[in-house]
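Fold and geometry: a report
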Amino acid sequence: MMPDFVPNARLFLILATNAREALASLYRARLRTVLGLVGIMIGISSVITMISLGEIAKEQARKEFEALGTDIMLIRKSSRTSGPGTAAEIRLADAVALVEVASISKVAPRTQGHGEFYHAGERVGRGSIQGVTAAFADINRLSLAEGRFISDFDVDRHFCVIGAGIADAMRRGGADRLVGEIVEARNMLCTIIGVLEHRTENYVLPIQVQANESVFLPITTSRRIVTPPEINTIVARSHAGAHHAAAASDVRSFFHKRAPQLELEILTAKELIAQMETQMGIFTLLLGATGSIALIVGGIGIMNIMLVSVAERRREIAIRRAHGARRRDIQSQFLIESIILTLAGGALGILLGLLVTWGICRFNGWEFFISGFSVASGVGTATVTGLFFGFQPARHAAQLDPIAGLQGE
């Protein structure tokens with residue numbers, strides 16, 4: 001046991017001695033130490049904040065997607081579709097009849113255009129003009145502040161439901177009771193029958209309703225004024241227990257019988273979630289790369305501080321070498337000093353990053369949680385930074401000529 005114990009004890013003693021020397025040296029140069037800590041702290045906190053926000057945003061998007069429903073399905077005309085007349089379009093009669101498919105419970109076709117909105121001669125907004133059916137509000141979880149939504153009995157009627165942003169603009173213009181007022185959209189006068197509550201748009205979700213700045217019309221009415229007038233999207237829900245692949249196959253078969261030339265793009269919930277997670281993963285990587293720029297700057301600062309430290313302690317290094325210290329002992333001393341500095345800055349950076357992340361989540365109304373990946377990346381990054389940026393100064397110190405150091409050259 002003794003032959004194994006002695007080398008281990010000696011190694012531990014050397015490391016402990018180098019750690020004490022490193023702490024004493026950092027304390028003597030307190031100003032430089034603080035500056036180095038600040039640089040690393042900002043760099044690590046940037047990485048922690050960026051990665052944490054990416055993870056939290058991904059989780060938030062997943063929750064909002066699940067709130068919308070994992071039985072949702074998007075049906076669009078493929079860009080490869082070609083053919084004369086309406087054969088290559090999603091016809092309204094076919095879209096409405098899709099609910100007859102055994103695996104489909106609800107369908108909501110939509111047409112979409114854009115324009116400016118006026119009330120009493122004053123512009124009250126610009127946004128999307130959406131032609132919808134009664135099921136659109138239920139499928140997309142739209143809530144009414146007052147009035148009612150579009151009904152299936154409003155065929156060709158000049159009725160509309162306005163978003164919260166347009167409603168706010170009308171109130172600022174002096175309108176008190178909005179239901180019953182007239183809104184002009186692309187030279188069509190429409191009577192307001194409902195006002196939507198404010199809705200926070202999540203651009204990671206499969207369909208962007210943009211409800212706050214939109215005017216919703218009966219789909220039969222909207223096709224007179226939107227360009228192009230064809231249906232651009234069908235949002236559908238499958239029955240509970242229906243497999244997503246089987247539901248997609250049923251939809252394709254249904255449309256193939258009614259419009260053989262029509263090619264569809266069908267996105268099921270499983271595909272939409274996978275697509276969302278891929279996008280958010282790329283988003284998190286980009287955020288982490290952005291935060292790493294500050295960390296690189298902090299690492300360069302550590303290298304400069306250590307190089308200055310080596311230059312100022314040439315005589316100390318020479319005396320240690322003259323008393324028998326080996327090159328690797330000198331190198332390990334400065335490496336340990338660099339690692340201690342970066343780990344201390346990393347710990348402070350993790351705390352700062354989590355605090356900033358908590359503040360941003362509180363401001364945006366997101367649920368805050370500590371990402372284990374972000375903390376692990378912070379600790380790992382701090383260690384790697386200390387080793388990488390501390391190696392050159394440590395190597396430079398180890399190669400110092402003892403005689404030149406004692407002579408002060």
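Residues numbered from 1 in each chain as written. Predicted model: local features only at pLDDT ≥ 70, side-chain atom pairs only at ≥ 80, totals over all residues. Heavy atoms only, no water.

**A short note on the overall build of the protein chain**
- Scanning the protein chain from terminus to terminus reveals 12 helices and 10 strands.
- Across the 409 residues that make up the protein chain, the buried fraction comes to 45%.
- Restricting the contact set of the protein chain to residue pairs at least 6 apart, pairs at least 24 apart contribute 79%.
- Accessible area of the protein chain: about 20,400 Å², with a carbon and sulfur share of 61%. (Helix = DSSP H or I, 4+ residues; strand = E, 2+ residues; numbered from the N terminus. Buried < 20%, exposed > 50% of the residue type's maximum accessible area, 1.4 Å probe, protein only. Contact = heavy atoms within 4.5 Å. Areas by Shrake-Rupley, 256 points an atom, 1.4 Å probe, with all protein chains shown as cover.)

**Quick word on the confidence of the model for the protein chain**
- Per-chain confidence: the protein chain averages 79 in pLDDT, with 79% of residues scoring 70 or above.
- The low-confidence segment residues 82-86 (pLDDT under 50) makes 6 contacts with residues lying over four places distant or belonging to another chain. (pLDDT = per-residue confidence, 0-100.)

**Thoughts on the pattern of salt bridges**
- Counted by the stated rule, this structure contains 9 salt bridges.
- Two residues, Glu146 and Arg171, come together in a salt bridge whose shortest N-O distance is 3.6 Å. Of this pair, Glu146 sits in strand β4 (residues 144-147) while Arg171 sits in helix α5 (residues 164-172), placing them 25 residues apart in sequence.
- Look at Glu146 and you get partly exposed, because its relative accessible area is 25%.
- Salt-bridge contacts for Arg224 lead to Asp156; the nearest nitrogen and oxygen are separated by 3.4 Å. Placement of Arg224 in the loop between α6 (219-222) and β9 (233-238) and of Asp156 in the loop between β4 and β5 (159-162) is noted, with a sequence separation of 68 residues between them. (Salt bridge = Lys/Arg side-chain N within 4 Å of Asp/Glu carboxyl O.)

**What about the environment of Ala236?**
- By the element assignment, Ala236 lies in strand β9.
- Residue Ala236 is classed as buried on the basis of its relative accessible area, which comes to 0%.
- Distance from Ala236 to Lys106, taken between C-alpha atoms, is 5.5 Å for residues 130 residues apart in sequence.
- In this structure, Ala236 is in contact with Asp71, Ile72, Met73, Ile75, Ile104, Lys106 and Val107, ignoring residues within four places of it in sequence.

**Thoughts on the pairing of β5**
- The alternating pattern of β5 places Phe159 and Val161 on one face and Cys160 and Ile162 on the opposite face, and all of these are buried.
- In this structure, β5 lies alongside strand β7 (residues 188-196), joined through 4 bridges in parallel fashion. Looking across to β7, one finds that Val161 is bridged to Gly194.
- Summarising the sheet, β5 and strand β8 (residues 215-218) pair through 2 bridges and their orientation is antiparallel. Note that in β8 the partner of Val161 across the bridge is Phe216. (Pairing = 2+ DSSP bridges.)

**Structural notes on the side chain of Arg237**
- With respect to the helices and strands, the residue Arg237 is situated in strand β9.
- Judged by its relative accessible area of 4%, Arg237 falls in the buried class.
- A polar side-chain atom of Arg237 sits 2.6 Å from the main-chain carbonyl oxygen of Ile139. (Polar contact = N/O pair within 3.5 Å; in protein donor to acceptor, adjacent residues only side chain to side chain.)

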